Structure formats: structure tokens, C-alpha cells
Amino acid sequence: MGVDTTVTILTPTYNRKELLSKLYESLQLQKDKDFEWLIVDDGSTDGSYEKLQNLKKKYNNLVVIRQKNQGVSVARNTGIKNAIGKWIAFLDIDDIWLPNV
């Protein structure tokens with residue numbers, strides 16, 4: 001992730017560990033790879049946070065914030081406050097992006 005990062009992809013999550021890898025794989029198929037992927041873990045109890053810590057070792061543009069469970073709106077607001085990109089793209093945990101978009 002460079003200083004020139006113009007996009008933060010913001011994903012709030014709560015207990016969706018099984019979807020994390022597939023979601024990141026869809027991001028790796030994009031033309032532009034200079035993005036910050038910011039995940040706000042909203043107090044997951046299913047091992048999502050631990051899985052995210054392992055993914056961070058693999059991907060240097062992944063940023064994880066953990067907070068107590070407060071709901072998706074608060075998680076999105078937390079992400080917005082911590083985003084470094086000029087633009088913010090919302091990508092929900094149960095969505096994927098098509099390749100080369």
C-alpha cells in the first residue's frame with residue numbers, strides 16, 4: 001500500500017469468518033491493486049478476528065480494526081474515520097467484485 005493510495009475499501013464484518021478469504025481473492029483480481037482494505041470487526045466471536053490477523057501477515061494492504069459489537073452502522077462510521085484513501089468504496093462481507101473492474 002503506497003502513500004498514493006486513493007481508495008479505501010471498507011468492509012464491516014460480524015461472525016463471517018468463512019467469507020473473508022473469498023472476498024479478498026476477489027479484490028486481488030482487480031486492475032488497480034493500490035488500495036487499502038479496511039475491515040472493521042464488530043466484535044466477532046467466531047474466530048474472524050484471528051483469521052484476519054493471519055491474512056494481515058499475507059497482505060500488507062489489509063488493515064483490521066476491532067471494536068465491541070455495536071452494529072453495522074457504527075462499524076462503517078469507525079471505518080470512515082480511520083480510512084486513509086481519498087475515496088471510500090463500501091464492500092459488504094457477503095459481496096464480491098467481478099474481475100478487472
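Everything here concerns the structure above.
Bear in mind the structure is a predicted one, so any value in this text is a computation, not a measurement. (Residues numbered from 1 in each chain as written. Predicted model: local features only at pLDDT ≥ 70, side-chain atom pairs only at ≥ 80, totals over all residues. Heavy atoms only, no water.)

Undergrad: Break down the side chain of Asp42 for me, citing the residues and quoting the values.
TA: Tracing the chain through its elements places Asp42 in the loop between strand S2 (35-41) and helix H2 (48-58). The buried charged residue Asp42 lacks any salt bridge partner; its closest oppositely charged side chain belongs to Arg66, at an N-O distance of 9.3 Å. (Helix = DSSP H or I, 4+ residues; strand = E, 2+ residues; numbered from the N terminus. Buried < 20%, exposed > 50% of the residue type's maximum accessible area, 1.4 Å probe, protein only. Lys, Arg positive; Asp, Glu negative; His and termini not counted. Salt bridge = Lys/Arg side-chain N within 4 Å of Asp/Glu carboxyl O.)

Undergrad: How would you sum up the sheet that holds strand S4 (residues 87-90)? Please name residues and give values.
TA: Hydrogen bonds between backbone groups are what pair the strands of a sheet, and the pairing can be parallel or antiparallel. Spatially, the 4 strands line up as an open sheet ordered S3-S2-S1-S4, and their pairing is parallel. Each edge of the open sheet is held by one strand with a lone partner, namely strand S3 (62-66) and S4. Between one strand axis and the next, the sheet turns by 25 degrees as a mean value, whatever way the strands run. Of the pairings in the sheet, the one linking S2 to S3 comprises 5 bridges and is parallel in character. By the bridge assignment for S3, Ile39 is matched with Val64. This element, helix H1 (residues 20-28), spans strand S1 (7-13) and S2 of the sheet and lies at about 165 degrees to S2. Against the sheet, H2 makes contact with S2 and S3, and its axis sits at roughly 155 degrees relative to S3, the strand it touches most. (Pairing = 2+ DSSP bridges. Axes fitted to C-alpha atoms, helices over the stretch in contact; angles between N-to-C directions. Contact = heavy atoms within 4.5 Å.)

Undergrad: Talk me through the pattern of salt bridges; I want residue IDs and the actual numbers.
TA: The tally for this structure, following the rule as stated, stands at 2 salt bridges. In this structure, Arg16 and Glu18 form a salt bridge, with 3.5 Å as the shortest nitrogen-oxygen distance. Its relative accessible area of 55% is what places Glu18 among the exposed residues. Among the salt bridges present, the one from Asp92 reaches Arg76, with a minimum N-O distance of 2.7 Å. With Asp92 in the segment after S4 and Arg76 in helix H3 (residues 72-82), this residue pair connects regions lying 16 residues apart in the sequence. For Asp92, a relative accessible area of 26% gives the class partly exposed.

Undergrad: Describe the packing of aromatic side chains, listing the residues and the values that go with them.
TA: Throughout the structure, instances matching the rule amount to 2 aromatic pairs. With centroids separated by 3.9 Å and ring planes inclined at 35 degrees, the aromatic side chains of Tyr24 and Tyr59 adopt a geometry described as tilted. Within this pair, whereas Tyr24 is found in helix H1, its partner Tyr59 is found in the loop between H2 and S3, the two being separated by 35 residues in sequence. Assigned by exposure class, Tyr24 and Tyr59 land together as buried. Put simply, the rings of Tyr24, Trp37 and Tyr59 pair up and form one aromatic cluster. Across the ring face of Tyr49, the terminal group of Arg66 is positioned such that the distance to the ring centre comes to 4.4 Å. (Phe/Tyr/Trp six-rings, centres within 6.5 Å; stacked < 30°, edge-to-face > 60°. Lys NZ or Arg CZ within 6 Å of the ring centre and 35° of its normal.)

Undergrad: I'd like to hear about the environment of Lys31, residue by residue, with values.
TA: Relative to the elements of secondary structure, Lys31 occurs in the loop between H1 and S2. Using a relative accessible area of 65% as the deciding quantity, one classes Lys31 as exposed. When the C-alpha atoms of Lys31 and Asn100 are compared, they prove to be 4.9 Å apart, with 69 residues separating the residues in sequence.

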